[in-house]
Amino acid sequence: MADTPVNTPVVTIPAQEASSLRASDPCVFVILGASGDLTKRLLLPALYNLAQQKRLPENFAILGYALADYDEEGFRQKLAGALHEFSCDGGRPELVEWIRQRSYFINSDFENPEGLATLKSRLAEIDKKYGAGGNALFYLATIPRFFLELPQRLAALGLLRQDNGCWRRLIIEKPFGRDRATARELNLGLAKILGEDQIYRIDHYLGKETVQNILAFRFANGIFEPIWNRRYIDNVQITVAEAVGVELRAAYYERFGALRDMVPNHVFQLVELTAMEPPISFEANAVRNEQMKILEALQWIEPENISECIVRGQYTRANDGSAVGYREEPGVKPDSNTETYVALELHLDNWRWAGVPFYVRTGKRLTRRDTEITIRFRRAPMQLFRETDISRLSPNALTLQIQPAEGVQLTFDAKVPGPEMQLGHVAMHFAYADYFGDVCRTGYETLLYDCMLGDATLFRRADMVETAWNAVEPAVEYFDAHPGEGLVTYPAFSAGPKEADHMLNRAGRNWHAIG
Ligand code: BG6
């Protein structure tokens with residue numbers, strides 16, 4: 001029998017076929033803010049993909065709500081247009097039609113009592129027509145100002161009550177506050193009108209397959225866990241690099257900056273999944289309790305440590321002039337001190353990770369889009385190869401690539417063929433696409449489907465949101481009070497400020513290259 005070449009897939013099970021085709025619960029999917037980009041680019045294509053995978057039941061309907069210059073028929077046309085434009089296959093006619101004919105629309109603003117009263121009556125009609133059993137999911141595709149106000153209005157109309165065994169759920173998406181106090185205020189406000197099990201807080205990083213795969217990688221394989229600790233790991237590096245600039249979001253970004261925008265949410269998710277202990281099961285609270293312990297173990301960065309543990313940067317014009325600097329972007333103040341890049345050295349106070357730095361960095365207008373986690377292992381205990389320059393021996397590294405390419409890479413040293421003992425760095429690389437094909441998804445499919453099934457594993461709990469702020473709160477407060485202090489610059493499309501390199505160099509380490 002011929003050997004199987006190393007790169008030949010042994011098992012090729014498209015995810016879709018591998019899993020059971022269970023449709024979600026019957027429900028009416030209410031989109032509040034249905035005229036925006038999120039609906040068009042992500043929610044509708046995600047629902048389309050779920051319909052294609054037969055994960056939506058016949059007892060399913062969509063009710064859009066927004067102030068728009070079109071009526072219900074106009075909404076249906078927009079919806080079909082969005083599916084043609086943003087679904088991977090251009091929108092199969094029969095599927096587009098399946099979604100189109102079960103979609104309804106109310107043209108009104110969120111503050112209009114008449115509009116909301118219509119929402120109540122139409123929801124009841126649609127529920128009856130489709131036999132949704134009273135189940136409704138309210139997706140807040142709105143600006144944060146409405147995150148509390150709108151659910152309060154829904155509650156006042158009795159729309160969040162779970163009578164006669166039906167469920168009523170609310171999805172909101174970050175930002176969950178701008179600091180711990182505002183996050184708490186939002187949580188307390190929501191807790192007055194909804195049970196915690198009715199609130200689904202989306203952090204879209206958890207919708208990414210490879211983010212979820214971190215758990216599979218760690219806990220479904222026996223070989224990694226024994227070395228996944230301070231005895232074998234020297235440091236962990238997490239990079240969330242973007243090539244895009246602030247785009248047209250200056251109004252939001254000027255108030256948040258890279259630290260608030262990315263760290264206590266997306267970046268911490270990655271830290272949690274990398275560092276957490278195995279949960280006792282994959283039940284929502286079992287997983288989230290372990291994530292929560294990591295958030296609790298994160299050392300707070302106090303003001304006296306800021307200069308050593310945090311680098312804040314802002315992009316300037318690209319060296320070749322291909323992009324403007326942040327301060328020249330539309331809507332940005334010409335003397336803005338908002339950071340577009342941040343690198344942090346984090347530490348976890350727990351048995352597994354004591355003494356292992358977690359270096360994290362995220363920024364806009366970096367060399368390229370690249371999200372990855374690199375685990376750098378300790379060097380071999382003895383330098384057996386004396387003639388080899390020690391600095392040329394690289395530590396073994398395991399990289400979990402999250403986007404744009406999804407995969408896993410292990411680098412190690414191997415002997416270069418020839419009579420002398422020379423070592424070279426080599427890599428073993430697994431690419432998802434080679435094994436599972438290029439599955440087209442928006443990242444929202446699993447999240448929406450899970451919410452419709454009542455599985456909250458991939459959603460943030462109130463306590464997690466508040467605790468996540470703790471580690472960065474002293475720093476954000478400090479920067480609010482000293483906006484320009486320590487802010488450095490980096491040219492657009494570079495690897496970030498050199499000060500971030502120095503932060504690692506001081507400890508004899510260096511960043512894994514971006515991309
Ligand atoms: C959002 C941030 O939450 O995540 C944006 O507000 C950022 O500033 C985006 O660009 C990054 O998401 P992704 O999926 O492109 O890595």
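Thresholds applied
Residues numbered from 1 in each chain as written. Predicted model: local features only at pLDDT ≥ 70, side-chain atom pairs only at ≥ 80, totals over all residues. Heavy atoms only, no water. Salt bridge = Lys/Arg side-chain N within 4 Å of Asp/Glu carboxyl O. Helix = DSSP H or I, 4+ residues; strand = E, 2+ residues; numbered from the N terminus. Buried < 20%, exposed > 50% of the residue type's maximum accessible area, 1.4 Å probe, protein only. Contact = heavy atoms within 4.5 Å. Axes fitted to C-alpha atoms, helices over the stretch in contact; angles between N-to-C directions. Parallel < 35°, antiparallel > 145°, perpendicular 65-115°, else oblique. Left-handed = near helix turned anticlockwise from the far one by under 90°. Nonpolar A, V, L, I, M, F, W, Y, C, P; charged D, E, K, R; others polar. Pairing = 2+ DSSP bridges. Near = heavy atom within 4 Å. Polar contact = N/O pair within 3.5 Å; in protein donor to acceptor, adjacent residues only side chain to side chain. Areas by Shrake-Rupley, 256 points an atom, 1.4 Å probe, with all protein chains shown as cover.

1. Some details on the pattern of salt bridges
Side chains that carry opposite charge are capable of pairing whenever their charged atoms lie near each other.
Working step 1: Applying the stated criterion across every chain yields a total of 28 salt bridges.
Working step 2: Note that Arg352 and Glu277 form a salt bridge whose closest N and O atoms lie 2.7 Å from each other. Linking Arg352 in the loop between strand E9 (341-346) and strand E10 (358-363) with Glu277 in the loop between helix H9 (250-275) and helix H10 (284-297), this pair joins segments that are 75 residues apart in sequence.
Working step 3: Its relative accessible area of 12% is what places Arg352 among the buried residues.
Working step 4: A relative accessible area of 33% means that Glu277 is categorised as partly exposed.
Working step 5: For Lys498, the salt bridge is made with Glu499, and the minimal N-O distance between the two is 3.5 Å.
Working step 6: Each member of the salt-bridge network shares a partner with another, and the members are Glu111, Arg145, Glu149 and Arg153.

2. Notes on unusual backbone geometry
Trans is the common state for peptide bonds, and a negative phi is the common state for residues other than glycine.
Working step 1: Pro175 follows Lys174 through a cis peptide bond whose omega is 10 degrees.
Working step 2: Among the structural elements, Pro175 can be located in the loop between strand E5 (168-173) and helix H7 (180-193).
Working step 3: Of the consecutive residues Gln403 and Pro404, the connecting peptide bond is found in the cis state with omega at 0 degrees.
Working step 4: The residue Phe493 is not glycine, and still its phi comes out positive at about 70 degrees.
Working step 5: Note that Phe493 resides in the loop between strand E15 (487-491) and helix H15 (498-505).
Working step 6: Given the relative accessible area of 33%, Phe493 is considered partly exposed.

3. Quick word on the environment of Ala354
Working step 1: Mapped onto the elements, Ala354 comes out in the loop between E9 and E10.
Working step 2: Using a relative accessible area of 31% as the deciding quantity, one classes Ala354 as partly exposed.
Working step 3: Remark: the alpha-carbon pair of Ala354 and Glu485, spanning 131 residues in sequence, is separated by 30 Å.
Working step 4: In contact with Ala354, other than residues within four places in its own chain, are Arg230 and Leu348.

4. Comments concerning the packing of helix H2 (residues 37-52) against helix H3 (residues 72-86)
Working step 1: The geometry of H2 relative to H3 is characterised by a closest axis approach of 9 Å and an angle of 85 degrees between their N-to-C directions. In this view, H2 runs roughly perpendicular relative to H3, as classed from their interaxial angle. Across the interface between the two elements, Lys40, Arg41, Leu44, Pro45 and Tyr48 of H2 pack against Leu79, Ala82, Leu83 and Phe86 of H3.

5. A look at the packing of H9 against helix H14 (residues 462-481)
Working step 1: The contact between H9 and H14 brings their axes to 10 Å, and the two run at 140 degrees. By the angle between their axes, H9 is oblique relative to H14. Of the two possible hands of crossing, H9 and H14 adopt the one that is right-handed. Of the residues in H14, those in contact with Leu259, Arg260, Val263, Pro264, Phe268 and Glu272 of H9 are Met464, Ala468, Trp469, Ala471, Val472, Ala475, Val476, Phe479 and Asp480.
Working step 2: Per-class residue counts for the contact of H9 with H14 are twelve nonpolar, no polar and three charged.

6. Focus: the sheet that holds strand E14 (residues 423-431)
Whenever strands of a sheet pair, they do so through backbone hydrogen bonds, lying parallel or antiparallel.
Working step 1: Taken together, nine strands build an open sheet; the order of strands is E14-E13-E12-E11-E7-E10-E9-E8-E15 and the sheet is mixed. A single partner strand is all that each edge strand has here, and the edge strands are E14 and E15. For this sheet, the mean angle separating the axes of adjacent strands, direction not counted, is 20 degrees.
Working step 2: As paired strands, strand E13 (residues 407-415) and E14 are joined by nine bridges and run antiparallel to one another. Within E14, the residue paired with Phe412 across the bridge is Val426.

7. Describing the pairing of E9
Working step 1: Among the six residues of E9, six are classified as buried, and the element is accordingly described as predominantly covered.
Working step 2: Residues Tyr341, Ala343 and Glu345 point to one face of E9 and Val342, Leu344 and Leu346 to the other, with burial holding for every one of them.
Working step 3: Here strand E8 (residues 310-316) pairs with E9 via four bridges, running antiparallel. Note on E9: the bridge partner recorded for Ile310 is Leu344.
Working step 4: With six bridges connecting them, E9 and E10 associate as antiparallel partners. In the sheet register, Val342 faces E10, and the bridge partner there is Thr362.

8. Here's the deal with the pairing of strand E6 (residues 199-202)
Working step 1: In E6, alternate side chains face the same way, and those of Ile199 and Arg201 on one face and Tyr200 and Ile202 on the other are all buried.
Working step 2: Taken together, the four bridges between E5 and E6 define a ladder with parallel strand orientation. In the strand pairing of E6, Ile171 is matched with Tyr200.

9. As for the site of the ligand
Working step 1: Around the ligand sit Lys174, His204, Tyr205, Lys208, Glu242, Arg249, Asp261, Met262, His266, Lys364, Arg369 and Gln403, and that is every residue in its neighbourhood.
Working step 2: Within the contact set of the ligand, an oxygen atom lies 2.9 Å away from a side-chain nitrogen or oxygen of Arg249.
Working step 3: Protein burial of the ligand: of its 390 Å² of free accessible surface, 82% is covered by the chains.
Working step 4: Here the element with the most residues in the shell around the ligand is H9; it accounts for three residues.
Working step 5: Among the residues making up the shell around the ligand, the classes are represented as two nonpolar, three polar and seven charged.

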